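Examining the three-dimensional arrangement
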Amino acid sequence: MATRRHFLKLTAAAGLAPAVVSAQGKARVVVIGGGFGGATAARALKALQPALDVVLVEPNPVYTSCPFSNSVLANLREIDQQQFRYDGIKGAGVTVAETSATAVDAGAKTVTLADGNKLAYDRLVMSPGIDFAWNALPGYDEAAAEKMPHAWKAGAQTVLLRRQLQAMDDGGLVVLSAPANPFRCPPGPYERASLIAYWLKIWKPKSKLLLLDSKDAFSKQRLFQNGWAELYPGMIEWVPLSQGGKVTSVDPATLTLTTEFATHKAAVANVIPPQKAGAIAAQAGVADRTGWCPVEPVAFESTLRPNIHVLGDAAIMGGMPKSAFAANAQAKVCAAAIVSLLAGARPQDPIVINTCYSLVAADYGISIAGVYRPDKGQLTDIPGAGGTSPLDAVGGLRGQEALYAASWFRTITAETFG
Amino acid sequence: MHRALLPGLASMILLAGPATAADAPPGASSCTGCHAPKTVSDTVIPHIAGRKAEDIVTVMRAYRSGAWPSSVMGRIAKGFDDHQTEAIAVWFAAQPE
């Protein structure tokens, strides 16, 4: 094997892509899901190993980004600024199958598509994102989401929630329900509360936002709470779990949310429901009883099914949060690892970074970062690294971090979608 | 400090040969989530591909020690030791702008 690795290194150095072959001829990697994880993985695989046959399975011709979609709610952006097509990925040599995956057979190493085709793979990358656990919160099903939008998959739901906010009378009560951990984008509900308050303060200043939470602590908590006190005094009321914040049922007909202690009638209700890995993960056998997908920390290969790698929000990534930055970073590590594995080499132990900005107002940004490495079978925080923005901002730091957030979005969407 | 570092960098460049993306050292691939190639012009985050390795190392050390103020970079630089930082710097120096 050492000899083969040496040979591969030599051919790479000579500018010749080492041939990757399988029993079927050219090796094929199928990627399910065209978000920040899957689209990045598909591009990175092709860039690292042009000889690979890379197929991206994604039913939507247009991807709508969740990052920065809270700014759409606050009228700071339009939904089309959140949208990206797959032309750049096709141009990079990836085959895009515009259909959904209906079944994965881990034993036969095949993916069945909704259009009737079946794809054989050497390695499969699954980046299916999240699905909602409908009715895990009694009363909240797909029909209820049309009355009480989740807006936790960006697109029509984002536009619906914005329309409801705009139609609300000044003085109306906006109620936001945040789920227990784990869920997509841990600081997201609190950025959303911030930006809705930002918009209410301008357009409906008599209104208030009630944030009912199934947790007693949240990401960047002190930074958010300091920002709320500074920018929106009295407008946002956060009710933690221990004070009866957990919503136990909802009634979409009357827009009421019931907690252990009280019933709240909303003018606009935004219910962020409990979540799980995208449905195909359970079908493939890579999700465990939690609904999420355990993986090893080097190539992010499923610990339940061989030759299937799981990325992004769907995966259990140790200390790494479910963020777009994390999915993109994991995808690049996974792609390099798959290229090594297909060449018969052992992938190197990775270091993976997460960075996540949140907006408290249009020009007020805060951040969290972390650096992770494999330790005792999972991705673990490197001690001494990472953390949040300082509580005392000096030298225009909040404004600077809002600018960095906007730059980050342009960069990561360019890298992911081209 | 620099005198001690540079021979190390030079030998790493010789050993690494022409860098390919697959040879990226641990941590390097995460950087491009924020640090874009020059084709992305509308950004306040610096381009790092094609920069001199010793300049990247100097800045990362200053971030790590806190001598150079930053937002996230101080927190990220603390996750990498000298050897890892040098490997990443050499790799980015060899990347096209």
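Residues numbered from 1 in each chain as written. Chains lettered and ligands numbered in written order. Predicted model: local features only at pLDDT ≥ 70, side-chain atom pairs only at ≥ 80, totals over all residues.

Quick look at the overall build of chain A
We count it as follows: Labels follow the DSSP assignment, with helices taken as runs of H or I lasting at least four residues and strands as runs of E lasting at least two, numbered in each case from the N terminus. A radius of gyration in this sense is built from C-alpha atoms; the matching globule rule multiplies 2.2 Å by the number of residues raised to 0.38. Exposure criterion: with C-beta atoms placed from backbone coordinates, a residue whose C-beta has 20 or more other C-beta atoms within 10 Å is buried, one with 12 or fewer is exposed, and one in between is partly exposed. Each residue gets a C-beta atom placed from its backbone, and two residues are in contact if those atoms lie within 7 Å.
Of the regular secondary structure elements, chain A holds 10 helices and 27 strands. Radius of gyration (C-alpha) of chain A: 22 Å, near the 22 Å computed for a compact globule of 418 residues. Along the three orthogonal principal directions, the C-alpha set of chain A runs to about 70 × 50 × 40 Å. The proportion of buried residues among the 418 residues of chain A is 54%. Within chain A, counting contacts between residues at least 6 apart in sequence, those at least 24 apart form 69% of the total.

Quick look at the overall build of chain B
Helix and strand counts for chain B stand at five helices and zero strands. Within chain B, the proportion of its 97 residues that are buried is 40%.

Details of the sheet that holds strand β14 (residues 208-213) of chain A
Residues and elements named next belong to chain A. For clarity, the threshold we go by: Here, a strand pair is defined by DSSP locating no fewer than two bridges between the strands. Each axis is a line fitted through C-alpha atoms, taken for helices only over the stretch in contact, and angles between the N-to-C directions span 0 to 180 degrees.
The four strands are arranged β15-β14-β13-β19 in an open sheet whose pairing can be described as parallel. Among the strands making up the open sheet, the edge pair consists of β15 (236-239) and β19 (268-271). Put simply, the sheet's adjacent strands are angled 15 degrees from each other on average, direction ignored.

Structural notes on the domain arrangement of chain A
Residue and element names in this part refer to chain A. Stated formally: Note that domain bounds follow an automatic or database assignment of domains. Amino acids outside the nonpolar list (Ala, Val, Leu, Ile, Met, Phe, Trp, Tyr, Cys, Pro) and the charged list (Asp, Glu, Lys, Arg) are all regarded as polar, and Gly is one of them.
Looking at chain A, the domain boundaries give domain 1 (17-132 + 276-347) and domain 2 (144-273). Summarising the inter-unit geometry, the C-alpha centres of domain 1 and domain 2 are found 31 Å apart. In this assembly, 19 residues from domain 1 lie in contact with 19 residues from domain 2. Mapped by element, the contributors of at least two residues to the side of domain 1 that touches domain 2 are α3 (69-73) and β12 (130-132). Split into classes, the residues belonging to the side of domain 1 that touches domain 2 amount to nine nonpolar, eight polar and two charged.

Things to note about the confidence of the model for chain A
Residue and element names in this part refer to chain A. Using the following cut-off: The predictor attaches a confidence to each residue, and that confidence, scored 0 to 100, is pLDDT.
Taken as a whole, chain A shows an average pLDDT of 94; of its residues, 94% reach a score of 70 or greater. Confidence, read as mean pLDDT per element, is least for helix α1 (residues 2-13) in chain A (38) and greatest for strand β22 (residues 308-310) (99). Ignoring residues within four places in sequence, the model shows residues 1-23, a span with pLDDT below 50, making 27 contacts including any to other chains.

Here's the deal with the nonpolar core
Residues and elements named next belong to chain A. Rules: The term nonpolar core means buried Ala, Val, Leu, Ile, Met, Phe, Trp, Tyr and Cys residues held together as one set by C-beta atoms within 7 Å.
Counting 155 residues, the largest nonpolar core has Leu45, Met126, Ile196, Val310 and Cys334 as the members making the most contacts within it. Broken down by element, the residue count for this core peaks at 14 residues, all from helix α9 (residues 324-342). With residues up to four places along the chain from it excluded, the contact list for Met126 reads Ile32, Gly33, Ile280, Ala281, Ala284, Val286, Ile308, His309, Val310 and Ala314.

Notes on the interface of chain B and chain A
Of the residues lining the interface, 25 residues belong to chain B; the matching set on chain A comes to 39 residues. Of the residues assigned to the side of chain B that touches chain A, the class counts are 12 nonpolar, 10 polar and three charged.

Let's talk about the pairing of strand β11 (residues 123-126) of chain A
Residues and elements named next belong to chain A. Covered by surrounding structure in β11 are Arg123 and Val125 together with Leu124 and Met126, the residues of both alternating faces. Alignment of strand β3 (residues 28-32) against β11, held across four bridges, turns out to be parallel. Bridging across to β11, Val31 finds its partner in Val125. Sheet topology places β11 next to β22; three bridges connect them, and they run parallel. Note on β22: the bridge partner recorded for Val125 is His309.

Some thoughts on the environment of Pro233 of chain A
Secondary-structure assignment places Pro233 of chain A in the loop between α7 (221-231) and β15. Taking the C-alpha atoms as reference points, Pro233 of chain A and Leu137 of chain A, 96 residues apart in sequence, are found 31 Å from one another.

With respect to helix α6 (residues 188-203) of chain A
What counts is decided by this rule: A helix's residues, less one, multiplied by 1.5 Å, set its expected span.
Taking 1.5 Å per residue, 16 residues should reach 22 Å; α6 of chain A reaches 22 Å between its end C-alpha atoms and fits that length. In terms of residue burial, α6 of chain A counts as a mostly covered element, since 13 of its 16 residues are buried.

Overview of unusual backbone geometry
It is generally the case that most residues other than glycine have a negative phi and that most peptide bonds are trans. Residue and element names in this part refer to chain A. Between Asn181 and Pro182 the backbone carries a cis peptide bond, its omega angle lying at -5 degrees. Turning to its location among the elements, Pro182 is positioned in the loop between β13 (173-178) and α6. Its identity is not glycine, yet Phe68 carries a phi of approximately 75 degrees, on the positive side. With respect to the secondary-structure elements, Phe68 resides in the loop between β5 (62-64) and α3. Taking the C-beta count within 10 Å as the criterion, Phe68 has 21 such neighbours and is therefore assigned buried. With a phi close to 70 degrees, Asn307 is a non-glycine residue in the positive phi region. Considering the arrangement of structural elements, one finds Asn307 in the loop between β21 (293-294) and β22. Residue class for Asn307 comes out partly exposed when judged on the 14 C-beta atoms lying within 10 Å of it.

Here we look at the sheet that holds strand β9 (residues 110-113) of chain A
Residue and element names in this part refer to chain A. With antiparallel pairing, the three strands of this open sheet are ordered in space as β8-β9-β10. Here the strands that pair on one side only, and so sit at the sheet edges, are β8 (101-105) and β10 (118-120). Each neighbouring strand pair of the sheet contributes to a mean axis angle of 20 degrees, computed without reference to strand direction. As judged from the three bridges shared by β9 and β10, these two strands associate in the antiparallel manner. Bridge assignment links Thr112 to a residue of β10, and that residue is Lys118.

Here we look at the confidence of the model for chain B
Scored by pLDDT, chain B comes out at a mean of 83, with 77% of its residues at no less than 70. The low-confidence segment residues 1-20 of chain B (pLDDT under 50) makes 22 contacts with residues lying over four places distant or belonging to another chain.

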